[in-house]
Amino acid sequence: MAIAADGKPMLAGIKVIDLTSVVFGPYCTQILADLGAEVIKVEAPGAGDAYRWSGRAAVTPGMSPGFMAINRGKQSVALDLKNPDDLVAMKALLREADVFVLNVRGKAVERLGLDYEMVKALNPEIIYAHCVGFGQDGPYADLQAYDDVIQAATGTATLLPRVDGDPRARYLPSLIADKVAGLHGAYAVLAAIVHKLRTGEGQKIEIPMFEAFTHFMMLEHLAGLTFDPPNAPAGYSRQLDPDRQPFPTVDGFISIVLYNDQAWPIVFEILDHSSFLQDERFSTRKLRVKNMALMYQEIARLTPGFTTAELLTRCHAAQIPAQAVRDLGDIMQDPHLVATGFFSREEHPSEGGYFAMAAPVRFAAHADASARPAPLLGEQTDRLRPAISD
């Protein structure tokens with residue numbers, strides 16, 4: 001948790017009511033919790049957030065690894081919002097809140113009486129952050145959105161075919177659209193908090209996943225379509241280059257980044273083959289650009305003559321960016337992450353030992369390294385319900 005100079009968490013005193021599930025909304029509110037906000041997660045009795053069931057729990061059903069990772073530091077209240085008494089309790093929470101984050105679709109929100117105008121009537125200064133699949137002023141407004149759907153709709157599922165020539169559309173194997181949208185949600189809420197501190201005004205925020213992820217992906221991949229008329233197709237060629245991939249070594253793979261023209265002779269010297277660039281095909285910068293695929297292919301032919309460690313030592317000594325390709329299952333043993341304490345072993349009151357990741361952003365003010373675990377479903381209901389039912 002980030003601690004300010006006065007010894008309090010940076011978002012101390014900010015109360016967030018979290019009516020979100022899966023990844024998009026919960027990632028947003030987890031960031032706010034890491035910064036010290038009081039986050040009260042409202043879940044349906046019984047199953048709760050669907051992401052509780054996204055993987056194998058260690059002890060308690062509904063405490064999946066993914067859920068624990070993006071719901072740390074929160075409190076859980078189980079409320080059935082179709083039940084009149086529970087809806088009254090929900091509205092009581094909202095009267096005392098600074099921020100309301102939800103990812104319930106618009107029509108369902110209206111049926112519950114939790115649309116912005118209704119909530120604003122309860123709490124005129126509230127920040128109402130609506131995490132939606134699509135902008136609510138477009139034809140997709142009422143459609144469901146999940147990560148796969150957004151990867152498809154944004155063209156992201158056509159990136160890998162551009163690289164490897166396999167025409168099948170494929171998803172990137174990550175909940176990347178959900179997480180990117182969650183980050184957009186977090187900065188939007190923080191900006192609204194600053195605005196409220198300056199003006200005293202709350203406001204409604206709409207965070208559409210489709211638009212957020214389109215913006216994220218098209219920063220580089222709009223490419224030649226940026227201009228009218230276009231001067232090249234969509235897709236940033238450097239990222240789509242089939243030869244610009246990790247290079248094989250004796251014992252694995254290595255990433256070597258040749259970002260500028262000056263790097264090529266250095267890398268071929270590292271590979272003990274400086275004479276390769278003496279070929280007339282590489283005699284000028286223009287020719288090197290034209291024949292870049294041949295240079296990448298030659299590097300891939302040479303790197304299997306070295307161990308990964310040998311190439312890392314040579315590249316780093318020559319100031320060439322390089323890293324070993326680490327298997328996903330070995331990331332916790334990365335020496336840098338070990339040295340910085342990125343993964344810490346914690347004790348959950350019910351789940352026992354588990355590993356938590358440190359917040360990736362560091363502040364100059366003191367950072368409290370203690371982790372606050374994710375809650376069991378409805379864990380704080382008994383403590384909070386009397387106060388919100390009066």
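Scroll up to find the structure this text is about.
Residues numbered from 1 in each chain as written. Predicted model: local features only at pLDDT ≥ 70, side-chain atom pairs only at ≥ 80, totals over all residues. Heavy atoms only, no water.

Caption draft 1: The overall build of the protein, seen in detail. Of regular secondary structure, the protein possesses 16 helices and 11 strands. Dimensions of the protein, computed from C-alpha atoms along their principal axes, come out at roughly 85 × 50 × 40 Å. Every one of the 390 residues in the protein was classed for burial, and the buried ones make up 42%. Here the contacts in the protein between residues at least 6 apart in sequence split such that 67% fall between residues at least 24 apart. For the protein, the computed accessible surface area is about 20,800 Å², with 57% contributed by carbon and sulfur atoms. The centroid of the 36 positive side-chain charges in the protein is displaced by 2 Å from the centroid of its 47 negative side-chain charges. (Helix = DSSP H or I, 4+ residues; strand = E, 2+ residues; numbered from the N terminus. Buried < 20%, exposed > 50% of the residue type's maximum accessible area, 1.4 Å probe, protein only. Contact = heavy atoms within 4.5 Å. Areas by Shrake-Rupley, 256 points an atom, 1.4 Å probe, with all protein chains shown as cover. Lys, Arg positive; Asp, Glu negative; His and termini not counted. Charge placed at Lys NZ, Arg CZ, Asp CG, Glu CD.)

Caption draft 2: Seen up close, the side chain of Thr-156. Along the chain, Thr-156 turns up in the loop between helix 6 (147-153) and helix 7 (159-164). A polar contact of 2.8 Å, which involves the side chain of Thr-156, links it to the side chain of Thr-154. Once residues lying within four places of it in the same chain are set aside, the contact partners of Thr-156 are Gln-151, Arg-170, Leu-172, Phe-213 and Met-217. (Polar contact = N/O pair within 3.5 Å; in protein donor to acceptor, adjacent residues only side chain to side chain.)

Caption draft 3: Geometry of the sheet that holds strand 1 (residues 15-19). Within the open sheet, the 6 strands sit side by side as 3-2-1-4-5-6. Their pairing is parallel. Both edges of this open sheet fall to strand 3 (74-78) and strand 6 (203-208), since each of them pairs with a single strand only. The average angle at which neighbouring strand axes cross in this sheet is 20°, direction not considered. For strand 4 (residues 99-102) and strand 5 (residues 127-132), the ladder comprises 4 bridges, and the chain directions are parallel. (Pairing = 2+ DSSP bridges. Axes fitted to C-alpha atoms, helices over the stretch in contact; angles between N-to-C directions.)

Caption draft 4: Molecular detail of unusual backbone geometry. Cis peptide bonds are those with omega within 30 degrees of zero, and the linkage from Asp-228 to Pro-229 qualifies with 5°. By the secondary structure assignment, Pro-229 is in the loop between helix 9 (209-221) and helix 10 (237-240). Backbone geometry places Ala-223, a non-glycine residue, at a positive phi of 45°. Residue classification places Ala-223 among the partly exposed residues on the basis of a relative accessible area of 25%. Of note, the phi angle at Gln-319 is positive, near 60°, even though the residue is not glycine. Looking at the element boundaries, Gln-319 is found in the loop between helix 14 (308-317) and strand 9 (322-324).

Caption draft 5: Molecular detail of the environment of Phe-253. Within the element layout of this structure, Phe-253 appears in strand 8 (residues 253-256). Expressed as a C-alpha distance, the spacing of Phe-253 and Thr-307, which sit 54 residues apart in the sequence, is 9.0 Å. In contact with Phe-253, other than residues within four places in its own chain, are Pro-246, Phe-247, Pro-248, Thr-308, Ala-324 and Val-325.

Caption draft 6: Main features of helix 9. Relative to the 18 Å expected for 13 residues at 1.5 Å per residue, helix 9 spans 18 Å between its end C-alpha atoms, a close match to the ideal helical length. Within helix 9 the residues assigned to the buried category are Met-209, Phe-210, Ala-212, Phe-213, Met-217 and His-221. Once helix 9 finishes, Ala-223 follows within two positions and takes phi at roughly 45°, a positive value. (Expected span 1.5 Å × (residues − 1).)

Caption draft 7: Structural view of the packing of aromatic side chains. Applying the stated rule across the entire model yields 11 aromatic pairs. Summarising the aromatic geometry, the rings of Phe-268 and Phe-276 are spaced 5.0 Å apart at their centres and angled 25° between planes, so their arrangement reads as stacked. A relative accessible area of 13% means that Phe-276 is categorised as buried. An aromatic cluster of at least three residues, connected via ring pairs, comprises Phe-100, Tyr-116 and Tyr-128. (Phe/Tyr/Trp six-rings, centres within 6.5 Å; stacked < 30°, edge-to-face > 60°.)

Caption draft 8: How the structure looks around the pairing of strand 2 (residues 38-43). Of all 6 residues that make up strand 2, 5 are buried, and the element is covered over most of its length. As paired strands, strand 1 and strand 2 are joined by 4 bridges and run parallel to one another. The residue bridging Val-16 from the neighbouring strand is Val-39, located in strand 2. The pairing of strand 2 with strand 3 spans 5 bridges and is parallel.

Caption draft 9: Region of the structure containing the state of the cysteines. In total, this model carries 0 disulfides according to the counting rule given. With no disulfide of its own, Cys-131 has Cys-28 as its nearest cysteine by sulfur position, at a separation of 5.4 Å. Taking relative accessible area as the criterion, Cys-131 reaches 3% and is therefore assigned buried. (Disulfide = S-S within 2.5 Å.)

Caption draft 10: How the structure looks around the side chain of His-184. Residue placement: His-184 occurs in helix 8 (residues 176-199). Taking the relative accessible area as the measure of exposure, His-184 reaches 19% and is therefore buried. Leave out the neighbours within four places in its chain, and His-184 touches Ile-207 and Ala-212.

Caption draft 11: Just the sheet that holds strand 8, in detail. Strand order in the open sheet formed by 3 strands is 7-8-9, and the pairing between neighbours is antiparallel. Sheet topology places strand 7 (247-248) and strand 9 at the edges, where each strand pairs with a single neighbour. As judged from the 3 bridges shared by strand 8 and strand 9, these two strands associate in the antiparallel manner. Residue pairing in the sheet places Ser-255 in a bridge with Gln-323 of strand 9.

Caption draft 12: Region of the structure containing the nonpolar core. Ranked by internal contacts, the top residues of the largest apolar core, which has 40 residues, are Val-16, Val-99, Val-101, Ile-150 and Val-189. No other element matches the 8 residues that helix 8 contributes to this core. Excluding its chain neighbours within four sequence positions, the residues that come into contact with Val-101 are Val-16, Ile-17, Asp-18, Leu-19, Thr-20, Cys-28, Thr-29, Ala-129, Cys-131 and Val-189. (Core = buried A, V, L, I, M, F, W, Y, C linked by side-chain atoms within 4.5 Å.)

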